[in-house]
Amino acid sequence: MTPAHTPQVHSHFDAVTCTWTHVVYDEDGGHAAIVDPVRDYDPKSGRTRHTQSDAVLAFVRAHHLTVDWILETHAHADHLSDAPYLKEATGARIAIGRHIDRVQHVFKGLFHLEPGFATDGSQFDHLFADGDTFQIGRLTAQAWHVPGHTPADMAFVIGDAAFVGDTLFMPDVGTARCDFPGGDAHELYRSVRRLLAMPEETRLFLCHDYPPEGREPAAVTTVAAQKAANIHVHDGISEADFVARRQARDATLEMPVLILPSVQVNIRAGQLPPAEANGRHYLKIPVDAL
């Protein structure tokens, strides 16, 4: 049996959206959680598929795992969540941080969603508060609120591993942007310092990697590596310096390619908007709003 402080992790990379989906589990034949699943989406045609999730499910079945949780680190702006498909296949509960209500409130207005769209997080099966603990079989996990990229970002700390979402990237890429609604570079700095106060050998599993030329995508780094070499927030960078650099960089960035379809789906726990009278689902594009 694997020691309780050393969860096993299988990471699957979607090259289209540069997203890592992680399966964290206690042992073969044991229990698992799936972190940040991806639904394939073609913006040219509007077609969706489940290729990424089927690959994740193949691993789950090959290792005879019972999936207890589908964990979202935040309402992603760069890919559509496939949480409902995985829930149907596994019976797992979909969970996110409780501050998702703030994100839902903002985007309900931006997309002029149906009056019945609830902004209380009730689309999810469970909402985590900062410090909540939960079980993944023999593993004990803790939810941390790490705002900054969005007001609702969470990290999930499980033994010697932490799943940090977009808060941190690989050291040669830096940190998340903070210019989305509710983002705050000061909060991101404090969230990062909280993560980097963990033991230096702690493994940090990322939601994305955008590698520079010549480096393969990487799923995991360590606290020590981040403290030594993160280009935005290594040891010695003050909060004021970080905020100035982060805000200057954010001012040069374009919106993510899939932000408009992604957010509409992800604030619904991965569900498409309700079908209209003709039985079809539609995603909105607010013109000149962002």
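Here is what the cut-offs are and how they apply
Residues numbered from 1 in each chain as written. Predicted model: local features only at pLDDT ≥ 70, side-chain atom pairs only at ≥ 80, totals over all residues. Heavy atoms only, no water. Helix = DSSP H or I, 4+ residues; strand = E, 2+ residues; numbered from the N terminus. Buried < 20%, exposed > 50% of the residue type's maximum accessible area, 1.4 Å probe, protein only. Polar contact = N/O pair within 3.5 Å; in protein donor to acceptor, adjacent residues only side chain to side chain. Contact = heavy atoms within 4.5 Å. Pairing = 2+ DSSP bridges. Axes fitted to C-alpha atoms, helices over the stretch in contact; angles between N-to-C directions. Expected span 1.5 Å × (residues − 1). Arc of directions from axis to C-beta. Parallel < 35°, antiparallel > 145°, perpendicular 65-115°, else oblique. Left-handed = near helix turned anticlockwise from the far one by under 90°. Nonpolar A, V, L, I, M, F, W, Y, C, P; charged D, E, K, R; others polar.

Caption draft 1: Structural detail: the side chain of His208. In this fold, His208 is placed in the loop between β13 (203-205) and β14 (220-222). Exposure remark for His208: the relative accessible area of 0% places this residue in the buried category. A polar side-chain atom of His208 sits 3.3 Å from a polar atom in the side chain of Thr19. Among the polar contacts made by the side chain of His208, one reaches the side chain of Asp78 at a distance of 3.0 Å. When sequence neighbours within four positions are dropped, the list of residues in contact with His208 reads Thr17, Cys18, Thr19, Trp20, Asp78, His79, Asp166 and Phe169.

Caption draft 2: Layout of the side chain of His79. Tracing the sequence through the fold places His79 in the loop between β6 (66-71) and α2 (83-90). Of the polar contacts made by the side chain of His79, one reaches the side chain of Thr19; its length is 3.4 Å. Excluding residues within four positions of it along the chain, His79 makes contact with Thr17, Thr19, Asp36, Pro37, Val38, Cys207, His208, Leu258, Ser262 and Asn266.

Caption draft 3: Quick peek at the sheet that holds strand β12 (residues 161-163). Spatially, 6 strands are ordered β9-β10-β11-β12-β13-β14 in an open sheet, and the strand pairing comes out mixed. Strands at the two margins of the open sheet, each flanked by one partner only, are β9 (133-136) and β14. When the angles between neighbouring strand axes are averaged without regard to direction, this sheet yields 30°.

Caption draft 4: Spotlight on helix α1 (residues 51-62). Given a rise of 1.5 Å per residue, 12 residues ought to cover 16 Å, and the 17 Å separating the end C-alpha atoms of α1 matches this to within 8%. Taken together, the buried positions of α1 are Gln52, Ser53, Val56, Leu57, Phe59 and Val60. Angular distribution of buried residues about the axis of α1 spans 155°; they occupy a single face of the element. Facing away from the buried side of α1, by more than 90 degrees, are the exposed residues Arg61 and Ala62. Those residues of α1 hidden inside the fold are in contact with β1 (8-14), β2 (19-25), β3 (31-35), β4 (40-42), β6 and α2. His64 occupies a position one or two residues after α1 and carries a positive phi of about 55°.

Caption draft 5: Examining the packing of helix α4 (residues 185-195) against helix α6 (residues 239-250) more closely. Close contact between α4 and α6 brings their axes to 9 Å; oriented N to C, the two are set at 125°. Our classification of the angle between α4 and α6 gives oblique. Here α4 and α6 pass one another in a crossing that is right-handed. Along the contact surface, α4 presents Ala185, His186, Leu188, Tyr189 and Arg190, while α6 presents Glu239, Phe242, Val243, Arg246 and Gln247. Classifying every residue of the contact of α4 with α6 gives 5 nonpolar, 2 polar and 3 charged.

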